[in-house]
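Spelled out from the first residue to the last, the chains are:
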Amino acid sequence: CYAPPVGSAKSPLNFAGMIAQDMLEGLVETVQWKDLHQLAADGAHVVVDVRNPPELEADGILHPDAINVPLDHLRDRIGELPREKTLVTSCLSGQRGYYAARILAQHGYRVKNLDG
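In short, a report on the structure. Here the structure is a predicted model, which means the values were calculated and not measured.

Scanning the protein chain from N- to C-terminus turns up five helices and five strands. For the protein chain, the sequential pattern of α-helices and β-strands runs α-β-α-β-α-β-α-β-α-β. Split into buried and exposed, the 116 residues of the protein chain put 38% on the buried side. Element-wise, carbon and sulfur atoms account for 55% of the exposed surface of the protein chain, whose accessible area totals about 7,000 Å².

This is the structure in structure tokens:
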């Protein structure tokens, strides 16, 4: 529970609790990294990498068919993403992927977040 005298809203414990609650309530579905290539190859899923371009240059791409839309640009570029497929959001640690999954779900997309 968020309580300013006890801890900040962005503390790792509060953030983990928020994600766990969303998962329990069915607001966010997750995918394990070991299943990513199988999902991306099935034709029904598209990987959306929300990392920034410098991160892609430093760490490489996650999947050859991934679409890169940095989280900061997601709302402006949301129309570029296919509605007929389930999107799998990813980033470096899972936090931005989680935010992207919530944004996309609120816009009517079927979406899963790759566990970080």
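This is not the end of the story, as more comes after the structure.
Let's shift gears to the nonpolar core. As a rule of thumb, soluble globular proteins bury nonpolar side chains together. Core analysis: the largest hydrophobic core is formed by 16 residues, its most contacted members being Leu 74, Leu 81, Leu 87 and Leu 104. Counting residues per element, the ones that place at least two in this core are strand E2 (45–49) and helix H5 (95–106). Element by element, the count of residues in this core is highest for H5, at four residues. With residues up to four places along the chain from it excluded, the contact list for Leu 87 reads Val 46, Val 48, Leu 81, Pro 82, Leu 104, Tyr 109, Arg 110, Val 111 and Lys 112. Counting residues in hydrophobic clusters, the runner-up holds seven residues, among them Val 31, Leu 39, Val 88 and Leu 114.

So, about the pattern of salt bridges. Within the structure shown, the criterion is met by five salt bridges. For Glu 29, the salt bridge goes to Lys 112, with nearest N and O atoms at 3.7 Å. Here Lys 112 lies in strand E5 (residues 111–114) and Glu 29 lies in strand E1 (residues 29–31), a separation of 83 residues in the sequence. We classify Glu 29 as partly exposed; its relative accessible area is 45%. The buried category is assigned to Lys 112, whose relative accessible area is 16%. As a salt-bridge pair, Glu 55 and Arg 96 come within 2.8 Å of each other at their nearest N and O atoms.

Taken as a whole and assessed by the stated rule, the structure comprises one aromatic pair. Relative to Tyr 99, the ring of Tyr 98 lies with its centre 5.8 Å away and its plane at 55°, an arrangement referred to as tilted. In this structure, Arg 83 packs its charged tip against the face of Tyr 109, placed 4.1 Å from the ring centre.

Spatially, E1-E5-E4-E2-E3 is the arrangement adopted by the five strands of the open sheet, whose pairing is parallel. Taken across any chain shown, the strands that pair with only one partner, and hence form the sheet edges, are E1 and strand E3 (67–68). Pairing between E2 and strand E4 (residues 86–90): five bridges, direction parallel. Within the sheet, the bridge partner assigned to Val 47 lies in E4 and is Val 88.

What counts and how
Residues numbered from 1 in each chain as written. Predicted model: local features only at pLDDT ≥ 70, side-chain atom pairs only at ≥ 80, totals over all residues. Heavy atoms only, no water. Helix = DSSP H or I, 4+ residues; strand = E, 2+ residues; numbered from the N terminus. Buried < 20%, exposed > 50% of the residue type's maximum accessible area, 1.4 Å probe, protein only. Areas by Shrake-Rupley, 256 points an atom, 1.4 Å probe, with all protein chains shown as cover. Core = buried A, V, L, I, M, F, W, Y, C linked by side-chain atoms within 4.5 Å. Contact = heavy atoms within 4.5 Å. Salt bridge = Lys/Arg side-chain N within 4 Å of Asp/Glu carboxyl O. Phe/Tyr/Trp six-rings, centres within 6.5 Å; stacked < 30°, edge-to-face > 60°. Lys NZ or Arg CZ within 6 Å of the ring centre and 35° of its normal. Pairing = 2+ DSSP bridges.

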